[in-house]
Structures are given as C-alpha cells and as structure tokens.
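# Fold and geometry: a report
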Amino acid sequence: QVQLVESGGGLVQPGGSLRLSCAASGFTFSMYAMNWYRQAPGKERELVASVSSAGGNLYYRDSVKGRFTISRDNAKNTMWLQMNSLKPEDTAVYYCNAAQIFLSSSRRDYWGQGTQVTVSS
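Throughout what follows, the structure given in this document is the object of discussion. Everything numeric in this text was worked out from a predicted model, so none of it was measured. (Residues numbered from 1 in each chain as written. Predicted model: local features only at pLDDT ≥ 70, side-chain atom pairs only at ≥ 80, totals over all residues. Heavy atoms only, no water.)

## What to know about the pattern of salt bridges
Tallying each qualifying case throughout the model produces six salt bridges. Asp90 is paired through a salt bridge with Arg67; the nearest N and O atoms lie 2.8 Å apart. One end of the pair, Asp90, is in the loop between β8 (78-83) and β9 (92-101); the other, Arg67, is in the loop between β6 (58-60) and β7 (68-73), with 23 residues separating them in the sequence. Bridged by salt links that share partners, the residues Arg38, Glu46, Arg61, Arg67 and Asp90 form one connected network. (Salt bridge = Lys/Arg side-chain N within 4 Å of Asp/Glu carboxyl O. Helix = DSSP H or I, 4+ residues; strand = E, 2+ residues; numbered from the N terminus.)

Rendered as structure tokens:
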C-alpha cells in the first residue's frame, strides 16, 4: 500500500534549523512531483515547496525563499525539506504530498500523516 511517512519535526528556537524527511513506498516515486504543505491552527493548508519528478524544477512560496531547500533522491524514494533561519510563523504541521497529473487533467494525490514543527523561544 501507498505510504508517505514524515519525520524530523520538533521544537526549535527562532533562527534555528530543522530537516524534514519524507519516506515513500508503495508507488513509483520517480513518476510523481513531490510537495511540502503546511497548516497552522485556524488557517488553510498552504503549499510550501515543490520539486518535479526528476528534481529539475523547484518552487518555493515567497515567505520561505532563501531559507528552505527542497530536494529528493529517487534512488532512495525520499524527499527532504531543509529549513534554516526558522521563524515563529513557520510553526505548523508539515505534510508530505505526492502528485501525478494525467493527460486527461485528472490528478492523483497521496498524503503523509504530518509532522509538527514548532518555532518558539
């Protein structure tokens, strides 16, 4: 069965760093774009960063540009999010997402369970 398992979340002080991991299994990882989403209490889930299936195209929302780095290794079926210079507003549950878009415009999505990131002094 399909599994996306996030790890690496925790409590960190402002200005600190954290590295999130997403381990994938049960599907052809290299065929999917991979994304990190996050959701803070009372707010909508938002896209943080994306990496295309082969790793050639990257996207970051403006608020994390220059601080976060998304990467993947298709040989390891793993995606990471390196988070530096963390701010309290980065506090959220972070979710791993795998997405495949078909020619018909239909979409297949898989989601992880989420990992909590708390930035506080």
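On we go from here.
## Quick look at the pairing of β9
With eight of its 10 residues buried, β9 lies for the most part within the structure. Sheet analysis places strand β4 (residues 33-39) next to β9, joined by seven bridges and oriented antiparallel. Counterpart to Asn35 in the pairing with β9 is Asn97. Summarising the sheet, β9 and strand β11 (residues 115-119) pair through three bridges and their orientation is antiparallel. Residue pairing in the sheet places Ala92 in a bridge with Val117 of β11. Both β9 and strand β10 (residues 107-111) contribute to a ladder of five bridges, which runs antiparallel. Note that in β10 the partner of Ala98 across the bridge is Tyr110. A loop of five residues connects β9 with β10, the two strands running antiparallel in sequence, and Ser105 in this loop sits at a positive phi of about 80°. (Buried < 20%, exposed > 50% of the residue type's maximum accessible area, 1.4 Å probe, protein only. Pairing = 2+ DSSP bridges.)

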